[in-house]
Amino acid sequence: MAKAERKYWLMKSEPDVYSVEDLRRDGSTYWDGVRNYQARNFMRDEMQLGDWVLYYHSNATPPGVAGIATVSKSGYPDPTQFDAKSKYFDPKATQEKPRWFLVDLTFKEAFKELVSLERLKNAAEELEGMLVIKKGQRLSVQPVEKVHFKQVLKMAGAKAKLR
DNA sequence: GCCAACGTTGGC
DNA sequence: GCCAACGTTGGC
């Protein structure tokens, strides 16, 4: 069987809650609390070990891509859904039939300078079709095309290189 | 803090 | 199964 090709993603986090610097400090983390079915499906079904992720700071000044992480564990049930004390508790979820899934991320790089949403929008030609620059796009886990991922790395002057 | 966009819920 | 009401996201 051919090895599955690496996929590319963008994941949003509010830096006040958990920033790319927090991820650098911790090394890796689990992406809990996603309660959107589309985002859930990506994490459960499509994200795989070794995928690359643009780490996006939302609700920030300015918002934008702050770094890169990699998927270090593919989809598994989000434990917070079973925890009655958690704000992410879901009474309809059971161990046998979990409703929410997450992945683990490992830190790869924090950009020297954030690639702001404004810069992404200004690069509309190179980034045409990229979901994050679309109006009203709220999805917190999004697929990213390889060429777009590459372009963002270029704009960031990232150390990490895509072959 | 405002509010547009959009996902989810629930009454019918 | 429709759709109004409601809740959340996230840029500004």
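Conventions and cut-offs
Residues numbered from 1 in each chain as written. Chains lettered and ligands numbered in written order. Predicted model: local features only at pLDDT ≥ 70, side-chain atom pairs only at ≥ 80, totals over all residues. Heavy atoms only, no water. Helix = DSSP H or I, 4+ residues; strand = E, 2+ residues; numbered from the N terminus. Rg over C-alpha atoms; globule rule 2.2 N^0.38 Å. Buried < 20%, exposed > 50% of the residue type's maximum accessible area, 1.4 Å probe, protein only. Contact = heavy atoms within 4.5 Å. Areas by Shrake-Rupley, 256 points an atom, 1.4 Å probe, with all protein chains shown as cover. Patch = residues over 30% accessible without salt bridge, like charges linked within 9 Å, V, L, I, M, F, W, Y side chains within 5 Å. Salt bridge = Lys/Arg side-chain N within 4 Å of Asp/Glu carboxyl O. Lys, Arg positive; Asp, Glu negative; His and termini not counted. Charge placed at Lys NZ, Arg CZ, Asp CG, Glu CD. Near = heavy atom within 4 Å. Polar contact = N/O pair within 3.5 Å; in protein donor to acceptor, adjacent residues only side chain to side chain. Nonpolar A, V, L, I, M, F, W, Y, C, P; charged D, E, K, R; others polar. Pairing = 2+ DSSP bridges. Axes fitted to C-alpha atoms, helices over the stretch in contact; angles between N-to-C directions.

Trainee: Looking at this model, I keep getting lost on the overall build of chain A. Mind explaining?
Mentor: Helix and strand content of chain A: four helices and six strands. For 163 residues, the compact-globule formula gives about 15 Å, and the C-alpha radius of gyration of chain A, at 16 Å, lands near that figure. Residues counted as buried form 47% of the 163 residues belonging to chain A. Counting contacts in chain A only where the partners sit at least 6 residues apart, residues at least 24 apart contribute 72% of the total. Of the roughly 9500 Å² of accessible surface on chain A, a fraction of 48% belongs to carbon and sulfur atoms.

Trainee: What exactly am I supposed to notice about a positive patch on the surface here?
Mentor: Judged by side-chain charge, Arg6, Lys108, Lys146, Lys150 and Arg163 come together as a positively charged surface patch. Summarising the element assignment, Arg6 is placed in the segment before strand E1 (8–13). What makes Arg6 partly exposed here is its relative accessible area of 34%.

Trainee: Explain the protein's contact with DNA strand B here, please?
Mentor: Lining the immediate environment of DNA strand B, one finds Asn36, Tyr37, Lys135, Gly136 and Arg138. Near-protein atoms of DNA strand B (within 4 Å) split between backbone and bases, with sugar and phosphate holding 74%. Interatomic distance of 2.7 Å between a side-chain N/O atom of Arg138 and a base oxygen of DNA strand B. In terms of residue class, the surface near DNA strand B is built from one nonpolar, two polar and two charged.

Trainee: What is the right way to read the protein's contact with DNA strand C from this model?
Mentor: Neighbouring DNA strand C are the residues Lys12, Tyr56, Ser58, Asn59, Pro63, Leu117, Lys121 and Arg138. Among atoms of DNA strand C positioned within 4 Å of the protein, sugar and phosphate together represent 65%. At a separation of 2.7 Å, a phosphate oxygen of DNA strand C approaches a polar side-chain atom of Tyr56. For DNA strand C, a phosphate oxygen lies 3.2 Å from a polar atom in the side chain of Lys121.

Trainee: How should the sheet that holds strand E6 (residues 141–143) be read in this particular structure?
Mentor: Sheet strands line up and pair through hydrogen bonds in the backbone, either parallel or antiparallel. Taken together, six strands build an open sheet; the order of strands is E2-E5-E4-E3-E1-E6 and the sheet is mixed. The outermost strands of the open sheet, each flanked by one partner alone, are strand E2 (28–30) and E6. Taken pair by pair, the neighbouring strands of this sheet meet at an average axis angle of 35°, ignoring direction. Here three bridges tie E2 to strand E5 (residues 101–116), and the two strands are oriented antiparallel to one another. In the strand pairing of E5, Thr29 is matched with Leu105. Strand contacts of helix H2 (residues 37–46): E1, strand E4 (64–77), E5 and E6, with the helix running at about 110° to E5, the strand carrying the most contacts.

By themselves, these figures tell us nothing about what the structure is for.
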